[in-house]
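Notes for the structure review
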Amino acid sequence: MSSYPILIRPFGEDAILIEWPNEVSEAILYDILDFAESFKLVFKDSNKWELIPAYNSLTLINRENKIDFSKTKFLLQECFKNRKAGGHPQRYLWKLPVCYDLEFGIDLEEVSTTLGKSIEDIIKAHTHHIYTVYGMGFLPGFMYLGGLPKELETARKSVPRLRVFKGSVGLAGKQTGIYPQDSPGGWNIIGNCPISLFNVNLENPCFVNVGDQIQFYAITRAEYDLHRIETEVGIYNLDKIKIDA
Amino acid sequence: MLKVIHPGFFTTVQDTGRFGYREKGVPVCGCMDNYSASIANSLLENKETDAVMEITMTGPELEFHTSSFFSITGAEMSPTLNGIPVNSYEVHKAKEGDVLSFGKLINGFRSYLAVKGGFLTEVKLRSRSFYKPITDKNRIKERMEIPIEEHTEYSPIISHIKPEAWHKEHELIVYKGPEYKILKDDQLKLLFTGKFTIAKENNRMAYQLEELIGAHSHRMLTSATLPGTIQLTPAGKLIILMRDGQTTGGYPRVLQLATKSIAILAQKKFRDTVSFHPLRH
């Protein structure tokens, strides 16, 4: 199947790093996820490993802190060569509501001035595009989203805020994303998503997986309040669409 | 149950960590100095995964409302039971009403208190390790009641051991990190001949070092980071990620600490010094 050159290297005593070509590409990301899936099928002790995909890399961490690197590298290479195409799990496009009212979009006016675009056009561009989840990290449930249109690229705030509220939707550089918890942060905040991205009481605490896609849609303040209550009592119906391979 | 009379500077409940959620951005957490923690558990013949209390810099004051046995390892913080000094690295019995307190920090930075059967705080995502917002609290608070098992009889196989001195070491063993190659000759020389001072920005997430080793302009795509990953910021600052460190990062990962060196670093505090020694694959 794929012919990407990969590089397998030790990462300390208990991890192995596999790197694909250094570029942001959906094809590479999907190849990584395909490989991760065959690893889970092929490696008998796969439950002792934690797999972290991000952009062009996959990090495998061994729970028991013991790796025979050259043997594992050989097995990983064999697994990479012999896997079947399309082994990845079902991917979804998640439609997430965002209230872009100025009450939440505290930097919208500033962003509008910097970009020379009306607030309406910013919202239109932000909700029109579909973003791919290239990784999760920084905070539990935080998604690294790729695919932000050039017209929405902005510099980070020069002085980060000490507290950005949970659900805040931000823009920074080539990225857009949602703060899953209250956190310090330097992104330009343009709205708020009422849906909890991370629930510690669920065995799978975050419904989104790396490789999924996200599209935002604008909601009114009243709809925001409703969805917030629905998500708190656990009756909010997430809008998801299967993505064909 | 054990009641917190005074929480100390920063005291948390930790176990071996929260494994299996890093792909969703959840740090592994767990004891910073897992060697000391595991000795505290083994003296009580607890399971390796039983939760202990990680005590940072100054200790708490705790009242036993249940009879139990306890042991203390790691940093030496002059513990007393009802005002009478008790030795670290030794099994002690506590009765209902006994008060365990800590005094002056003699060496190290983090002590581990284990009780027979472990601390039974809430399990969230398969671990009791405190980490907000996964657990409700990020540290113990005054008047908090911490569940423990009742034990009135226990004859340990080994009732005390000689405290180890390894955590007083200053040499950290490192492997090459994924972006090791970006280091220039002068940076390598500084890294492996210089002494580095622990900055005041040091906590369970990361230890920053004061000395800079020279700026760089290497850009990379965000990728996974581990406890013990040493990142180099564009300004030339070294940041060593620890157990609560974020699971991904965009700074070059120039070095990776050996597992035991993470535990050694966990016993260092502001202004202590460390040096790096390579161990090649």
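Within every chain, residues take consecutive numbers counted from 1 along the sequence as written. Think of it this way: whatever chain is written first is A, whatever ligand is written first is 1, and the rest follow in order. Per-residue local features of the predicted model are confined to residues with pLDDT of at least 70, and side-chain atom pairs are confined, for both listing and counting, to 80 or more; whole-chain, interface and lining totals are unaffected and use all residues.

1. Focus on the overall build of chain B
The number of helices and strands found in chain B is three helices and 20 strands. For a compact globule of 281 residues, the expected C-alpha radius of gyration is about 19 Å, and chain B comes in at 20 Å, within 12% of that figure. With respect to the three principal axes, the spread of C-alpha positions in chain B is 60 × 35 × 30 Å. Buried residues in chain B amount to 49% of all 281 residues. Counted over contacts in chain B with a minimum sequence separation of 6, partners at least 24 positions apart contribute 76%. By the criteria applied, helices consist of DSSP H or I runs no shorter than four residues and strands consist of E runs no shorter than two, each listed in order from the N terminus. The atom set for the radius of gyration is the C-alpha atoms, and the globule formula is 2.2 Å times the number of residues raised to the power 0.38. Neighbour counting defines burial: a residue surrounded by 20 or more other C-beta atoms within 10 Å of its own C-beta is buried, one with 12 or fewer is exposed, and intermediate counts give partly exposed, using backbone-placed C-beta atoms. For every residue pair, C-beta atoms are placed from the backbone, and the pair is scored as a contact if these atoms sit within 7 Å.

2. Focus on the sheet that holds strand E1 (residues 2-6) of chain B
Residue and element names in this part refer to chain B. Think of it this way: DSSP has to see at least two bridges between two strands before they count as a pair. If you trace the six strands from one edge of the open sheet to the other, you get E7-E6-E9-E4-E1-E11, paired in antiparallel fashion. Sheet topology places strand E7 (84-85) and strand E11 (145-146) at the edges, where each strand pairs with a single neighbour. Here E1 pairs with strand E4 (residues 61-64) via four bridges, running antiparallel. Among the inter-strand pairings, histidine 6 is bridged to a residue of E4, identified as glutamate 61.

3. Section: the environment of phenylalanine 270 of chain B
Residue and element names in this part refer to chain B. Within the secondary structure, phenylalanine 270 is located in the loop between helix H3 (259-266) and strand E20 (273-278). Phenylalanine 270 sits in the partly exposed class, given 14 other C-beta atoms within 10 Å. For the pair formed by phenylalanine 270 and alanine 199, sequence separation is 71 residues and the distance between their alpha carbons is 5.4 Å. In this view, phenylalanine 270 contacts Ile198, Lys200 and Asn202; residues no more than four positions away in its chain are not counted.

4. So, the environment of asparagine 62 of chain A
Residue and element names in this part refer to chain A. One can find asparagine 62 in strand E4 (residues 57-62). Residue asparagine 62 is classed as partly exposed on the basis of its C-beta count, with 16 C-beta atoms lying within 10 Å. On a C-alpha basis, the gap between asparagine 62 and phenylalanine 80 in space is 19 Å, while along the polypeptide they are 18 residues apart. Filtering out sequence-adjacent residues up to four positions away, asparagine 62 remains in contact with Asp14, Ala15, Lys48, Trp49 and Ile67.

5. What about the domain arrangement of chain A?
Accessible area lost upon the coming together of the parts serves often as the stated size of an interface. Residues and elements named next belong to chain A. Domains assigned within chain A are domain 1 (7-82) and domain 2 (91-243). Taken over C-alpha atoms, the centre of domain 1 sits 30 Å from the centre of domain 2. At the junction of the two partners, domain 1 supplies eight residues and domain 2 supplies seven residues. Where the side of domain 1 that touches domain 2 is concerned, the elements lending two or more residues are helix H1 (26-42) and strand E3 (49-54). Broken down by element, the residue count for the side of domain 1 that touches domain 2 peaks at four residues, all from H1. In terms of residue class, the side of domain 1 that touches domain 2 is built from seven nonpolar, no polar and one charged. Residue ranges assigned to the domains are those given by an automatic or database domain assignment. Gly is put with the polar residues, along with every residue not named as nonpolar or charged; the nonpolar set is Ala, Val, Leu, Ile, Met, Phe, Trp, Tyr, Cys and Pro, and the charged set is Asp, Glu, Lys and Arg.

6. Here we look at the sheet that holds strand E12 (residues 171-176) of chain B
All names here are of chain B. An order of E12-E19-E16-E17-E14-E13-E20 is seen for the seven strands of this closed barrel, with the pairing classed as mixed. On average, each strand axis in the sheet is tilted by 40° relative to the strand beside it, whichever way the strands run. Sheet topology places strand E16 (residues 229-232) next to strand E17 (residues 238-241); three bridges connect them, and they run antiparallel. Of the residues in E17, the one forming a bridge with isoleucine 230 is isoleucine 240. Along the sheet, H3 contacts E12, strand E14 (206-209), E17, strand E19 (253-257) and E20; its crossing angle with E12, the most-contacted strand, is approximately 140°. Structural elements are reduced to axes, namely lines fitted to C-alpha atoms, with helices fitted over the stretch in contact, and the angle between N-to-C directions of any two is expressed from 0 to 180 degrees.

7. Side note on the interface of chain A and chain B
Listed by partner, the interface residues are 37 residues for chain A and 27 residues for chain B. Looking at the side of chain A that touches chain B element by element, the count peaks at five residues for E3 of chain A. By residue class, the composition of the side of chain A that touches chain B is 22 nonpolar, 10 polar and five charged.

8. A short note on the pairing of E4 of chain A
Residues and elements named next belong to chain A. Most of E4 sits out of view: five of its six residues are buried. Taken together, the six bridges between E3 and E4 define a ladder with antiparallel strand orientation. Across the sheet, residue isoleucine 52 finds its bridge partner in E4, namely threonine 59. Counted along the chain from E3 to the antiparallel partner E4, the turn is two residues long, and its residue tyrosine 55 has a positive phi close to 50°.

9. Side note on the domain arrangement of chain B
Residue and element names in this part refer to chain B. Assigned domains of chain B: these are domain 1 (2-146) and domain 2 (169-278). If you average the C-alpha positions of domain 1 and of domain 2, the two centres end up 27 Å apart. Counting from both sides, the interface comprises 18 residues of domain 1 and, opposite them, 14 residues of domain 2. At the level of elements, helix H1 (34-43), strand E5 (68-76) and strand E10 (107-115) are the ones that each hand at least two residues to the side of domain 1 that touches domain 2. The element contributing the most residues to the side of domain 1 that touches domain 2 is E10, with three residues.

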